[in-house]
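Residue strings, one per chain:
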Amino acid sequence: AGTAKTFYALAVGLEKVYNNPNGEYRRIIVSRPNAQFDDDIGFLPGDEQEKIAPLMRPIVDNLEQLLDADENRYEDEGALSDRVSEVFQRGVIQAEAMNFIRGRSVTKTYLIIDEAQNLTPKQAKGIITRAGLGTKIILLGDPQQIDNPLLDERTNGLSYAAEKMKGSPLCY
């Protein structure tokens, strides 16, 4: 907990998209499982982006830190908010609901799955098999911080993926 996994994954992804002359990745997709820490907050109105916005707050928090180069941090909240919004509006970063990744073939994408310890093994497999040509999947998480009551340290998707991919030349 608190080791900046999300922060570093976003920083590397932004570096790869913005500063790679070879065009290794054309975008970053970020997704998080819909596991609630506490009681369910109920029905959320709106379109897909409005529904997943609460899940993406940690991503936005990290982007604010990465995009705020001013030494007087957060002096102009409006300008900072505009910079974060611009990254999403330009499609550099796309926030996606987990259930809409299934069935796709994702190419030339830096795909970050945050809080992957809350995935089931079936969900983890479903995401990993979506990787098309030139896609890197980053599964972030801590098996000690599982919020899904049906999972534990060994049965969660992050541990499952780590075990199944052990020794693969495709993983590091």
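Residues numbered from 1 in each chain as written. Predicted model: local features only at pLDDT ≥ 70, side-chain atom pairs only at ≥ 80, totals over all residues. Heavy atoms only, no water.

(A) Structural detail: the overall build of the protein chain. When you go through the protein chain residue by residue, the secondary structure sums to six helices and four strands. Ordered by position from N to C terminus, the α and β elements of the protein chain give α-β-α-α-α-β-β-α-β-α. Counting across all 172 residues of the protein chain, residues that qualify as buried make up 36%. Considering only contacts within the protein chain whose residues lie at least 6 apart along the sequence, 74% involve residues at least 24 apart. By element, 51% of the accessible surface of the protein chain is carried by carbon and sulfur atoms, the whole surface being about 10,500 Å². (Helix = DSSP H or I, 4+ residues; strand = E, 2+ residues; numbered from the N terminus. Buried < 20%, exposed > 50% of the residue type's maximum accessible area, 1.4 Å probe, protein only. Contact = heavy atoms within 4.5 Å. Areas by Shrake-Rupley, 256 points an atom, 1.4 Å probe, with all protein chains shown as cover.)

(B) Layout of the layout of surface pockets. As a volume, the second largest pocket reaches approximately 660 Å³. Together, 18 residues line the second largest pocket, and K136, I137, L170, C171 and Y172 are the ones closest to its centre. If you list the elements that add at least two residues to the lining of the second largest pocket, you get strand 4 (136–139) and helix 6 (157–165). Its residues placed into classes, the lining of the second largest pocket shows 13 nonpolar, two polar and three charged. (1 Å grid on protein atoms, 1.4 Å probe; cavity = no way out; pocket = protein on both sides within 12 Å on 5 of 7 lines; lining within 4 Å. Points joined across faces, edges and corners; volume = space filled by probe spheres on them. Nonpolar A, V, L, I, M, F, W, Y, C, P; charged D, E, K, R; others polar.)

(C) Structural context of the side chain of N62. Tracing the sequence through the fold places N62 in helix 3 (residues 57–67). A relative accessible area of 14% means that N62 is categorised as buried. In contact with N62, not counting residues within four places along its chain, are T6, F7 and L10.

(D) Expanded view of helix 5 (residues 121–128). Three or more residues of helix 5 are buried, namely A124, G126 and I127. Buried positions in helix 5, seen along its axis, are confined to an arc of 160 degrees and lie on one side of it. (Arc of directions from axis to C-beta.)

(E) Summary view of the packing of helix 3 against helix 4 (residues 77–89). Where helix 3 meets helix 4, the axes come as close as 10 Å, and the angle between the chain directions of the two elements is 110 degrees. Considered as vectors, helix 3 and helix 4 are oriented roughly perpendicular to each other. When the axes of helix 3 and helix 4 are compared, the crossing they make is right-handed. Residues V60, L63, E64 and L67 of helix 3 form the contact with helix 4, whose participating residues are L80, R83, V84, V87 and F88. (Axes fitted to C-alpha atoms, helices over the stretch in contact; angles between N-to-C directions. Parallel < 35°, antiparallel > 145°, perpendicular 65-115°, else oblique. Left-handed = near helix turned anticlockwise from the far one by under 90°.)

Distances and angles like these do not, on their own, reveal function.
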